[in-house]
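Working through the structure, step by step
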Amino acid sequence: MKMLKELFAIERKPIKGLLLLEWAMLAYALLTLVLMFFMVTKLKDPSAIVQLRVQAVSMVLALWAVYRMLPCRFTLFCRVLAQLLLLGNWYPETFEFNRFFPNLDHVFASWEQQLFGFQPALVFSKDWPQPWVSELLTLGYESYYPLMAIVPLYYLFFRFGEFTKASFVVLASFFLFYVIFLCLPAGGPQYYYPAAGLDNIAQGIFPAVGHFFEGDYEGLPIPGYKDGLMYHTLLLAHAAGERPTAAFPSSHVGVTVVLLWLAWRTGSRRLFWGLLPFGVLMFFATFYIQAHYAIDAIAGLFAGTLMYFLLCWAYDSLRAASRHLEL
């Protein structure tokens, strides 16, 4: 009951301007809008790209106005939640931009072969087809979405003084990954393997497919226990917006690492150790379901850690230098 009262209690010193995470979204929207103008003749539907940005800006301003009329933790949370929900719209756009660059999957598949001597994404699910393995790893992969809710909510209710900072670190990490994906065209095993030919992959031959993904493309069926509940949940999530993009580094692993660092930062070891097993399952699930190469997951570990510390520093520096952005 006390938490609910605090959630709707009017703040004595409300934030006057936009949140740093909202500025991060606007910066990404502007960057990609400029990029769009250089590629406008090649894009399928430039108007949809412009429309998304108009809607995003309108939503930010509307929620800011609501917060100013009713400044409380709940309306502040709504501003953060809206940005999290928008991520589902920003992600598919990375494919619209990077598909015009020559595909680089053959490079990553070759590195994979040199490092391991085989393709983990090709053999993992074949060697471990047991239903319990499939369901457990798929659960780990699907835990990505609950983790994105659990950590910010913990800050909202138990570490509110750092809620906007934690939210900024999560949102900005996504945008940093998206910037990488804009100019690094790699679709991952599920799309590259059938494009290159499974016989070639099995023999350690990794041909460049160039601009193959500009046209029609087809991904491999997701491996796993096809009668499993988690497997069917994954199919729904996959159908909602998966594209041959965003393979290297794995943002699933990277953002999960960011969330685990934030969980550790809370001081609640119960929270951290409770979430860590899902992070471990996430790591292996990325190449079990053939969404990533194993090196994508490894790179995600380092990228997520780097982004966490970089963005914590950036937030503190921006707050110190430009407090008028939120005050």
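Residues numbered from 1 in each chain as written. Predicted model: local features only at pLDDT ≥ 70, side-chain atom pairs only at ≥ 80, totals over all residues. Heavy atoms only, no water.

1. Brief notes about the pattern of salt bridges
- This model, assessed by the stated rule, comprises seven salt bridges.
- Where R53 meets E93, a salt bridge forms, and the shortest distance between an N and an O atom there is 2.6 Å. Taken as a pair, R53 in helix α3 (residues 46–69) and E93 in helix α4 (residues 73–98) lie far apart in primary sequence, 40 residues in all. For the pair shown, R53 and E93 are each scored as buried.
- One salt bridge in this structure joins R265 and E162, with 2.8 Å as the shortest N-O distance. Here R265 is found in helix α13 (residues 251–265), whereas its partner E162 is found in the loop between α8 (144–158) and α9 (163–183), with 103 residues between them in sequence.
- Its relative accessible area of 31% is what places R265 among the partly exposed residues. (Salt bridge = Lys/Arg side-chain N within 4 Å of Asp/Glu carboxyl O. Helix = DSSP H or I, 4+ residues; strand = E, 2+ residues; numbered from the N terminus. Buried < 20%, exposed > 50% of the residue type's maximum accessible area, 1.4 Å probe, protein only.)

2. So, the packing of α8 against helix α14 (residues 269–288)
- Interhelical geometry of α8 versus α14 gives an angle of 155° and a closest axis separation of 11 Å. In this view, α8 runs roughly antiparallel relative to α14, as classed from their interaxial angle. Taken as a pair, α8 and α14 cross one another with a handedness that is left-handed. Taken together, the residues of α14 that come into contact with α8 (itself represented by Y144, L147, I150, V151 and Y154) are L271, L275, F278 and M282. (Axes fitted to C-alpha atoms, helices over the stretch in contact; angles between N-to-C directions. Parallel < 35°, antiparallel > 145°, perpendicular 65-115°, else oblique. Left-handed = near helix turned anticlockwise from the far one by under 90°. Contact = heavy atoms within 4.5 Å.)

3. Concerning the packing of aromatic side chains
- According to the stated counting rule, one finds 29 aromatic pairs in the structure shown.
- On the numbers, 6.1 Å between centres and 15° between planes, the contact of F160 with F163 is stacked.
- Overall, the relative accessible area of 0% leaves F163 in the buried class.
- Taken together, the ring pairs in this structure connect Y28, W90, Y91, Y144, Y145, F174, F175 and Y178 into an aromatic cluster.
- The aromatic ring of F160 is capped on one face by R73, whose charged end is 4.0 Å from the ring centroid.
- The ring of W264 carries the charged tip of R269 above its face, separated from the ring centre by 3.5 Å. (Phe/Tyr/Trp six-rings, centres within 6.5 Å; stacked < 30°, edge-to-face > 60°. Lys NZ or Arg CZ within 6 Å of the ring centre and 35° of its normal.)

4. So, α9
- For α9, spanning 21 residues, the distance from its first C-alpha to its last is 31 Å, which sits close to the expected 30 Å at 1.5 Å a residue.
- Summarising burial for α9: 17 of the 21 residues are buried, a large majority. (Expected span 1.5 Å × (residues − 1).)

5. Observations regarding the environment of R68
- By secondary structure assignment, the location of R68 is in helix α3.
- Here R68 falls in the partly exposed class, since its relative accessible area comes to 33%.
- Between the C-alpha atoms of R68 and L171, which are 103 residues apart in sequence, the distance is 22 Å.
- Excluding anything up to four places from it in sequence, R68 contacts P14, I15 and K16.

6. Some thoughts on the nonpolar core
- W90, F168, F175, Y178, Y192 and L262 are the most contacted members of the largest nonpolar core, which totals 104 residues.
- At 13 residues, the largest contribution of residues to this core is made by α9.
- In this structure Y192 touches N103, D105, H106, A109, I201, F206, P207, V209, F213 and Y293, once residues within four positions along its chain are discounted. (Core = buried A, V, L, I, M, F, W, Y, C linked by side-chain atoms within 4.5 Å.)

Geometric descriptors of this kind do not, in isolation, establish any biological role.
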